[in-house]
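# Per-entry structural report
The primary structure of each chain is shown beneath.
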Protein chains: 2
Amino acid sequence: MDSLEIEPSLNFCQACAVRNRAICADLDEDELGLLNAIGRRKRLQAGEQLLWEGDDAIIVANVVEGVLKLSTQTADGREQILGIVYPSDFLGRPFGETTPYGVEAITDAQVCVFRRTDFDRFAREHPRLEHKLLERTLAELDRTRRWMVLLGRMNAEQKLATYLVETAERLIPANCKESELGDERSLTLPLSRQQMADVLGLTIETVSRHMTKLKNDGLIGLPGRRELTINSLKALAERGG
Amino acid sequence: MDSLEIEPSLNFCQACAVRNRAICADLDEDELGLLNAIGRRKRLQAGEQLLWEGDDAIIVANVVEGVLKLSTQTADGREQILGIVYPSDFLGRPFGETTPYGVEAITDAQVCVFRRTDFDRFAREHPRLEHKLLERTLAELDRTRRWMVLLGRMNAEQKLATYLVETAERLIPANCKESELGDERSLTLPLSRQQMADVLGLTIETVSRHMTKLKNDGLIGLPGRRELTINSLKALAERGG
DNA sequence: CGTTCGGTTTGACCGAAATCAATGACGTCG
DNA sequence: CGACGTCATTGATTTCGGTCAAACCGAACG
C-alpha cells in the first residue's frame, strides 16, 4: 500500500453501504474508480445544511446514510418540504444552473458529494450511469406526483395516516429484517412534529391534534414523542383514503 | 382508419412542429429515421383518453399539438390533475411497468406515440436521446415540486393568480410572437373551471368566486367563460405570493 | 433537586374553503 | 324559436384547519 491517500478511496465505493442500490450500481470496477476519483464522502450532523435554495448548483450527492429533507421557503417565510431522502437516494440538480431547493440533514448523515460539473461530464460519458439516474428521476417524479394528491385532495387525518404508513414502509425493512408479527409495527419517527407539518402542508397544532385522535381511536400508540407503534398497518392505511 | 393515422414516414420528423424542442432535438438524420420508424402520429379529439391510470405501460408519446392533462382519481372519486402537458412535452412512463396516471386530451391534439418497449430499446441505444429525456424529466420534477408549494401552502387566491400567470406564460409565446404592449395579455383558457379546480386542489365554486374577485379587483377581465385578459401580469403575479 | 428551555399538547376562537342549493348563461339540436 | 343540458355563478351554511394563547413534559444543566 504505497499511497494511503489513493488506495483507500479506490476501495471506498466497493465497501459503500449503498453500492448496490444507488445510481452507481451498474458501473464496473474501472468506472467506479473514475467516479470515486471525483467524489468524496462528507459527514453531516443533524440540522446541518448541505445546499441552499437558489445557490449556484455546484454540487450533487448520493445519500449513504441518514435522512435529509429537501425544502423551500414560501414568500411569507413558511416552509414546504418537497421531499425526504433516504440512503441510496440522489440529490441536487445535475445539468442545471441553480439548486431548486435547500437540503438539510434531519439525522446525522453521510453523503457522497460531487462537483456538479465533474458529475455532469462523467454522466455524459457513461450512459449506464445516466440511465440509472434517469430511472431514479422518473421514479422520484412518480412519487412526487403521488404526493400532490396528498397535498391537494386529502384532509389532515388522511395526510397523517398516509405519511405514517409510508414512513413505516420506508423505515421498517431497514431497521428490522424479519417481517413483524401480523400487522403491527413500531418505529422511531425521523421527523419532529413541525417537520411533519411542513411535509404535509399543515400546522404543528393540527398534526398534534390528529396524532392524538389516531391514538384515541386505537390505531396507533405514542410511547414517546418520537416513538410510534402502529397497531394495524392495514387499518391505518384505510384512514389514508 | 389506421392508415389515415399513420402518415408517410421519413420526412415526417423533419417537418414536425416540435422537431427542435422535443427530446428528438439532438438526434441526427439517421437516428431520426430510426425513431420515426417506431413511432406514429395519432390525432386526439378534445376529451379523448390516451392512457388509463394503472394500465400496463404500453405506450409513451411526445405532444406535437394541443394540451393534455395527466390525472389520477382519489379513493372518493374526485380527481387530482398531476400535470398539464403542452407541445414538445413528453408523456408516459418509460422503463416502467404501469402507467402512473391517466392522460386525456383537453383540446384537440396530436401526439407522436411509441410502443414503450420499442422506445425503451431505442433510448438505451441512443444516449443522446436518453440524455434529453433525463433533462426533461429533471425539469419536470422541478416544476412538479414547485407545484407542491402551491398545493401545500397557498390560499385559493394565490393558487388562482399563480395558475393564471403560468398559463399566460406558457400560452402567449406560442399564440402571439411579438411581445404585447407592456404588461397586458389576453388568451383563451385551455381548462374549464372544474379542471382548474382539479389542478389547484380546490372546488369549482371556490375557483369561480375568486375569478370574480380578481375581476372585481381590476386585475383581470373575463369577456367570456374561456376568455381571459390580464391587465397587469406583474400585479397578478404579486397576488400569487 | 429545582430551573429552564424547546418541543408538544390542548383549548378557545375565527376564518377560508367546502358543501348544499338555487339560479343564471350559453350552446345545441329538434 | 324554444327546450334542454352543460357549465358557471351566486348565496347560505357548515366544517375543518389555522391562529392565538396557555399549559405541559422531558431532557439538559447548574
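Residues numbered from 1 in each chain as written. Chains lettered and ligands numbered in written order. Predicted model: local features only at pLDDT ≥ 70, side-chain atom pairs only at ≥ 80, totals over all residues. Heavy atoms only, no water.

## Here we look at the pattern of salt bridges
Going by this rule: The rule for a salt bridge is simple: a side-chain nitrogen of Lys or Arg has to be within 4 Å of a carboxyl oxygen of Asp or Glu. The helix count covers DSSP runs of H or I at least four residues long, the strand count covers runs of E at least two residues long, and both are numbered beginning at the N terminus. Residue exposure (1.4 Å probe, protein chains only): buried if accessible area is under 20% of the type maximum, exposed if over 50%, otherwise partly exposed.
Counted by the stated rule, this structure contains 38 salt bridges over all chains. As a salt-bridge pair, Arg170(A) and Asp89(A) come within 3.3 Å of each other at their nearest N and O atoms. Taken together, the residues span a long stretch of sequence, with Arg170(A) in helix α5 (residues 156–175) and Asp89(A) in the loop between β5 (79–85) and β6 (90–91) at a distance of 81 residues. Of the charged contacts, one joins Asp120(B) and Arg116(B) as a salt bridge, the two residues approaching to 2.9 Å between their closest N and O atoms. Placement of both Asp120(B) and Arg116(B) in helix α3 (residues 116–125) is noted, with a separation of 4 residues, approximately one turn of the helix. Across the pair, exposure class does not vary: Asp120(B) and Arg116(B) are buried alike. Salt bridges sharing partners connect three or more residues here, namely Glu157(A), Lys213(A), Asp217(A) and Arg239(A).

## Quick notes on the domain arrangement of chain A
All names here are of chain A. How we decide: The split into domains, and so the bounds of each, comes from an automatic or database assignment of domains. We call two residues contacting when some pair of their heavy atoms lies within 4.5 Å. Once two parts are joined, some of their accessible surface, as seen by a 1.4 Å probe, is lost; buried area is that loss totalled over both.
We note that the domain assignment places domain 1 (6–128) and domain 2 (154–239) within chain A. Each of domain 1 and domain 2 has a C-alpha centre, and these two points are 28 Å apart. Between domain 1 and domain 2, the contact holds 8 residues from the first and 8 residues from the second. When domain 1 packs against domain 2, close to 830 Å² is buried across both sides, 58% of that on carbon and sulfur atoms. Broken down residue by residue, the surface that domain 1 buries against domain 2 is led by Ile81, Tyr86 and Ile106, which jointly contribute 54%.

## Overview of the side chain of Glu104(A)
Inspection of the secondary structure assignment puts Glu104(A) in strand β7 (residues 102–105). Beyond its immediate chain neighbours, meaning those up to four positions away, Glu104(A) contacts Gly47(A), Glu48(A), Gln49(A), Leu68(A) and Lys69(A).

## Here's the deal with the sheet that holds β5(A)
Residues and elements named next belong to chain A. Definition in use: Here, any two strands with at least 2 DSSP bridges between them count as paired. A fitted line through C-alpha atoms represents every axis, and for helices the fit uses only the stretch in contact; the resulting angles, taken between N-to-C directions, go from 0 to 180 degrees.
Overall, antiparallel pairing links the 4 strands, which are arranged β2-β7-β4-β5 in an open sheet. Two strands in the sheet have a free side with no partner beyond their single neighbour: β2 (49–51) and β5. Averaged over all pairs of adjacent strands, the angle between their axes in this sheet comes to 30°, without regard to strand direction. Bridge count for β2 against β7 is 2 bridges, and the pairing is antiparallel.

## Here's the deal with the protein's contact with DNA strand C
This is how the line gets drawn: Nearness is defined per residue: one heavy atom within 4 Å of the molecule or strand is enough. In protein, a polar contact requires one atom able to donate a hydrogen and another able to accept it; more generally it is a pair of N or O atoms within 3.5 Å, and residues adjacent in sequence count only if both atoms are side-chain atoms. Just so you know the grouping, Ala, Val, Leu, Ile, Met, Phe, Trp, Tyr, Cys and Pro go in nonpolar, Asp, Glu, Lys and Arg go in charged, and all remaining residues, Gly too, go in polar.
Neighbouring residues of DNA strand C: 18 residues in total, closest Arg193(A), Thr212(A), Ala156(B), Thr206(B) and Arg209(B). At 2.7 Å from a phosphate oxygen of DNA strand C is found a side-chain nitrogen or oxygen belonging to Thr212(A). Within the side chain of Arg225(A), an N or O atom sits 3.0 Å from a base nitrogen of DNA strand C. Split by residue class, the surface near DNA strand C holds 2 nonpolar, 9 polar and 7 charged.

## With respect to the protein's contact with DNA strand D
Around DNA strand D, the structure places 19 residues, and the nearest of them are Ala156(A), Thr206(A), Arg209(A), Arg193(B) and Thr212(B). For DNA strand D, the fraction of atoms within 4 Å of the protein that belong to sugar or phosphate moieties is 63%. Within the side chain of Arg209(A), a nitrogen or oxygen atom sits 2.8 Å from a base oxygen of DNA strand D. When contributions to the surface near DNA strand D are tallied by element, the ones reaching two or more residues are α7 (204–216) of chain A together with α6 (193–200) and α7 (204–216) of chain B. When residues in the surface near DNA strand D are grouped by element, the largest group, 5 residues, is from α7(B).

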